[in-house]
Amino acid sequence: MKTELSEKLFAKANTLFPGGVNSPVRAFKGVGGGPRFIARGKGSRLFDVDGNAYLDYVGSWGPLILGHCNPEVMREVQDAMKSGASFGAPSPREIVLAELIRERMPWVEKMRFVSSGTEATTGAIRLARGFTGRDDLVKFDGCFHGAGDSVLVKAGSGVETLGLPDSPGVPADFAKHTLTLPYNDLAAAEALFAARGGTIAAVIVEPVVGNMGVLVPRPGFLEGIHALCRKHGALFIVDEVMTGFRLAMGGACDRLGLRPDLVTFGKVIGGGLPVGAFGGRAEVMDRIAPAGPVYQSGTLSGNPMAMGAGIATLRQLTPASYERLEAASARLAEGLAAAAREAGVPVQVNRVGSMLTVFFSEQPVFDAQSARGCDTKRFSRFFHAMLEAGVYLPPSQFEAAFVSLAHSDEDVEATLDAAKVAFRAALQ
Ligand code: PLP
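Numbers given for residues are sequential positions, taken from 1 along each chain in its written order. Local features in this predicted model are restricted to residues of pLDDT 70 or higher, and side-chain atom pairs are both shown and tallied only at a pLDDT of 80 or more, whereas totals for entire chains, interfaces and linings draw on every residue.

### Here we look at the sheet that holds strand β11 (residues 348–352)
Think of it this way: DSSP has to see at least two bridges between two strands before they count as a pair. The numbering of helices and of strands both runs from the N terminus, where a helix is a DSSP run of H or I of at least 4 residues and a strand a run of E of at least 2. Taken in spatial order, the three strands of this open sheet run β11-β12-β14, and their pairing is antiparallel. For this open sheet the edge positions go to β11 and β14 (401–402), each flanked by a neighbour on one side alone. Here five bridges tie β11 to strand β12 (residues 355–359), and the two strands are oriented antiparallel to one another. Bridged to N350 within β12 is T357.

And the structure:
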């Protein structure tokens, strides 16, 4: 595979951007080698600047559930742009997208649009603190909720890949208000609440973890956390930035029967453009400025092109879409597990809906600790063999791969053919 142009661009990018990239995981540090510079995408495929084609299972890290260059998304964005890129004033598309969200998730009674998942979680956490008058936040080891100061503590994938448990620059005085617990361990949460429940403003959780690779919640775990929040007067924040509109029409909350106080969104609701949102109980949301005293704002919040991309995306997602995603993803996961078995490579394939991770581990992977036990060298060899065969997986053991509606049955079979060879390469 020719990669000269990508290498040249990466050398130049290194003179312009720290590590040559504008978001850390793109630099391939977790797998070695240099990133491919992407020229364009179409359907299930990415094309790099050297002319190589890849079946894409990153999908811009989750937003592209319809695949690249979906015609209706493009049409909506172009239509919006013709009327002006941004107004900094209310515009009708905000209402259309908000109603699409609330129809599918009635527990999101009111919401605020922002421009990224990080802004969404930052806003939701500030609101929870403002609403309860408490300072402490509980999160789970390995869950990632964006790059805000409160949540860059035991934050999974990106920091995991780089081996930085916390980030310098987050004041210790601030980080001390973020209490971390092991995912899937309700007893640990019960003990923490018993000791200091009165100081806890909120618990934030990825309902299905994607940012430590895919971790599946144990039955009763999330319900138990919600019950603890209720008992102690803390808010329950479900971070659906990755899972919202990906795991079901009503997101992970619908799939798992959760009715949280606050929910955060990003990725799919922006159809590939910069959109995030947080929302939930009207009584809580009405504490946000200008209705209430908790401040939050954004120059480009509710941007018409971004709203258009979200509207076109949500309108195309039907119950049949999720059946299709389930079937394709199940076939992929089963085929990957079978290919690994045939090659004699011990793996755990964790999957929920169209999110999946092949963990190179002999043991079940259910929390950050068990994920850290994976053979990342094997993963790297597997990753590079797949890349060479034209399959673009997330460049880290601690990330979720995403199946889109653009992936055909033939794409899935081609991926499995590549995996049969790549698992053997992983052993070397
Ligand atoms: N929350 C979750 C669960 C995420 O997966 C991410 C990003 O991957 C974020 C928050 C942050 O979103 P963004 O990268 O749009 O700021």
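From this point, things continue past the structure.
### Re the pairing of strand β1 (residues 38–42)
Two elements, β1 and strand β2 (residues 45–48), share four bridges in a ladder whose sense is antiparallel. Directly across from K42, in β2, lies its bridge partner R45. In sequence, β1 turns back onto β2 through a hairpin of two residues, with G43 there showing a positive phi of about 60 degrees.

### Description of the UniProt feature "modified residue: N6-(pyridoxal phosphate)lysine" (unreviewed entry) in the protein chain
Feature annotation in UniProt places "modified residue: N6-(pyridoxal phosphate)lysine" (unreviewed entry) on K267, given in this structure's numbering. Position of K267 among the secondary structure elements: in the loop between β9 (262–265) and β10 (276–280). Exposure classes come from backbone-placed C-beta atoms, where a residue is buried if 20 or more other C-beta atoms lie within 10 Å of its own, exposed if 12 or fewer do, and partly exposed in between. The class for K267 is buried, based on 28 C-beta atoms found within 10 Å. Ignoring sequence-local partners within four residues, the contact set of K267 consists of G62, P63, G117, V241 and M242. UniProt positions are given in the numbering used here, feature names are shortened, and annotations may be inferred rather than shown by experiment. Contact between two residues is assigned when their C-beta atoms, built from the backbone, lie within 7 Å.

### Some words on the sheet that holds β1
Ordered in space as β1-β2-β3-β13, the four strands form an open sheet in which the pairing is mixed. The two strands at the open ends of the sheet, each matched to only one other strand, are β1 and β13 (391–392). Both strand β3 (residues 53–56) and β13 contribute to a ladder of two bridges, which runs parallel. Paired with L55 across the two strands is V391, which belongs to β13.

### A short note on the site of the ligand
A molecule or strand has a residue near it when that residue's C-beta atom, placed from backbone coordinates, lies within 6 Å of it. Neighbouring residues of the ligand: 16 residues in total, closest S116, G117, T118, G146 and V241. Ranked by residues supplied to the shell around the ligand, first place goes to helix α4 (residues 117–132) with three residues.

### Observations concerning the domain arrangement of the protein chain
Residue ranges assigned to each domain were obtained from an automatic or database domain assignment. By the assigned domains, the protein chain splits into domain 1 (4–65 + 318–427) and domain 2 (71–316). Averaged C-alpha coordinates put domain 1 and domain 2 at centres separated by 25 Å. On the domain 2 side, the residues contacting the 31 residues of domain 1 number 30 residues. Listed by contribution, the elements that provide at least two residues to the side of domain 1 that touches domain 2 are α12 (319–343), β11, β12 and α13 (368–372).

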